Amino acid sequence: MDTERLLLAITGAVVGVFGWLLVGLYINRREYARRARNAGRAVYFELTANQLVIFTALSYGAFGQVSRATFDRLLPELATWLPAGELQSVALAYLGHDGYEQARTDSSLPEDVRRMILRGVNDAQRAALDLIRPRIFSKREIADLDRYATAPQRALVEAAAREPSS
């Protein structure tokens, strides 16, 4: 075997290895982004459900259970995908659940304090939802979410978003 063929074979092998490496990294990155986005979507819907529970408590005094199971399970994926500010906003929304529980269970709280707590927790939920919604859904998907919601569902979500902070 002459030197020229050997160099061509080595060059071809190196180019092939780097090509496969780049393709593998690209495929891996796309899969990671898809999984992280799906995790964000699951947390988004859990936050939405929690925000409606909190809004119902604030508006009507009917307290339900809030959930954090999805957030707890998917936090590692969210922590590597979301920027620090957005992750903090989502985490604060879930940390507010302790305040919600106090408002729900402590009958000695004055009503104005209870409402302040619920408004703060409601605002934290809304802020988290507003931050992550455009990151996890395309503009077309957001339009579809809004279009397929029933009129009462849209009214409830809009009312929760408009609930004054003071």
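Because the structure is predicted, anything quoted here is derived from the model rather than measured.

## As for the packing of helix H2 (residues 69–81) against helix H3 (residues 84–95)
- Contact geometry for H2 and H3: axes closest at 11 Å, N-to-C directions at 165°. Taken together, the axes of H2 and H3 are roughly antiparallel relative to one another. Pair H2 / H3 crosses with left-handed handedness. When H2 is examined against H3, the residues Phe71, Leu75, Leu78 and Ala79 are found in contact with a partner set consisting of Leu87, Val90, Ala91 and Tyr94.
- Considered class by class, the residues forming the contact of H2 with H3 number eight nonpolar, no polar and no charged.

## Some points on the pattern of salt bridges
- What the rule picks out here adds up to nine salt bridges.
- The salt bridge involving Glu86 is made with Arg135; its shortest N-O contact spans 2.7 Å. Residue Glu86 is found in helix H3, and its partner Arg135 is found in helix H5 (residues 111–136); the two are separated by 49 residues along the sequence.
- Classification of Glu86 by relative accessible area gives buried; the value is 15%.
- Look at Arg135 and you get partly exposed, because its relative accessible area is 32%.
- Glu101 is paired through a salt bridge with Arg104; the nearest N and O atoms lie 2.9 Å apart.

Thresholds, definitions, all that
- Residues numbered from 1 in each chain as written.
- Predicted model: local features only at pLDDT ≥ 70, side-chain atom pairs only at ≥ 80, totals over all residues.
- Heavy atoms only, no water.
- Axes fitted to C-alpha atoms, helices over the stretch in contact; angles between N-to-C directions.
- Helix = DSSP H or I, 4+ residues; strand = E, 2+ residues; numbered from the N terminus.
- Parallel < 35°, antiparallel > 145°, perpendicular 65-115°, else oblique.
- Left-handed = near helix turned anticlockwise from the far one by under 90°.
- Contact = heavy atoms within 4.5 Å.
- Nonpolar A, V, L, I, M, F, W, Y, C, P; charged D, E, K, R; others polar.
- Salt bridge = Lys/Arg side-chain N within 4 Å of Asp/Glu carboxyl O.
- Buried < 20%, exposed > 50% of the residue type's maximum accessible area, 1.4 Å probe, protein only.

So yeah, pure geometry; function would need other evidence.
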